[in-house]
Amino acid sequence: MFQLIFILPDGTETLLSVHPGTNVMDVAISNDIEGISANCRGNCACSTCHVYVEPEWLERVGVASGMEEDILDFAPDAKPESRLCCQLVMSKPLDGLRLRIPDWQRWN
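Conventions used here
Residues numbered from 1 in each chain as written. Predicted model: local features only at pLDDT ≥ 70, side-chain atom pairs only at ≥ 80, totals over all residues. Heavy atoms only, no water. Phe/Tyr/Trp six-rings, centres within 6.5 Å; stacked < 30°, edge-to-face > 60°. Lys NZ or Arg CZ within 6 Å of the ring centre and 35° of its normal. Salt bridge = Lys/Arg side-chain N within 4 Å of Asp/Glu carboxyl O. Helix = DSSP H or I, 4+ residues; strand = E, 2+ residues; numbered from the N terminus.

Participant: Can you help me understand the packing of aromatic side chains in this one?
Facilitator: To describe a pair of aromatic rings, one takes the distance between the centres and the angle between the planes. Applying the stated rule across the entire model yields zero aromatic pairs. Seen from the ring of Trp-57, Arg-60 lies directly overhead, with NZ or CZ sitting 3.9 Å from the centre. Lys-79 extends its terminal NZ or CZ atom over the ring of Tyr-52, reaching a point 4.6 Å from the ring centre.

What follows is the structure, given as structure tokens:
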């Protein structure tokens, strides 16, 4: 099992144990993570699973794909550390991954 941490805008952290190969968006939905509604259900067609990757994890997570970048262009408050968690899959290099939920998504 790997560790995954979601950080809400108020700083509250939720630590989860995740099986290798699990999609991060699915983990968020299964655990009712506030701010991850995933309206397109992982089809990389919306930005309602938008997260900020904590700086120390950026290199391991890598850059967004072309399609993901296109969707993030329309996401409110997108930053260089923005990713769609539907495009992230838990693997050994991501054990302990820390993802911050954008403030605007709490009301989405």
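Right, picking up where we left off after that structure.
Participant: Help me understand the pattern of salt bridges in this model?
Facilitator: Two side chains carrying opposite charge are able to pair once their charged atoms lie near each other. As enumerated under the stated definition, the model contains four salt bridges in all. Arg-98 serves as the salt-bridge partner of Glu-56, at 3.9 Å between the closest nitrogen and oxygen. Of the two residues, Glu-56 is situated in the loop between strand S3 (50-53) and helix H2 (58-61) and Arg-98 in strand S5 (residues 97-100); the sequence distance between them amounts to 42 residues. For Arg-83, the salt bridge identified is with Glu-68, shortest N-O distance 2.8 Å. Placement of Arg-83 in strand S4 (residues 82-84) and of Glu-68 in helix H3 (residues 66-72) is noted, with a sequence separation of 15 residues between them. Each member of the salt-bridge network shares a partner with another, and the members are Glu-13, Glu-56 and Arg-98.

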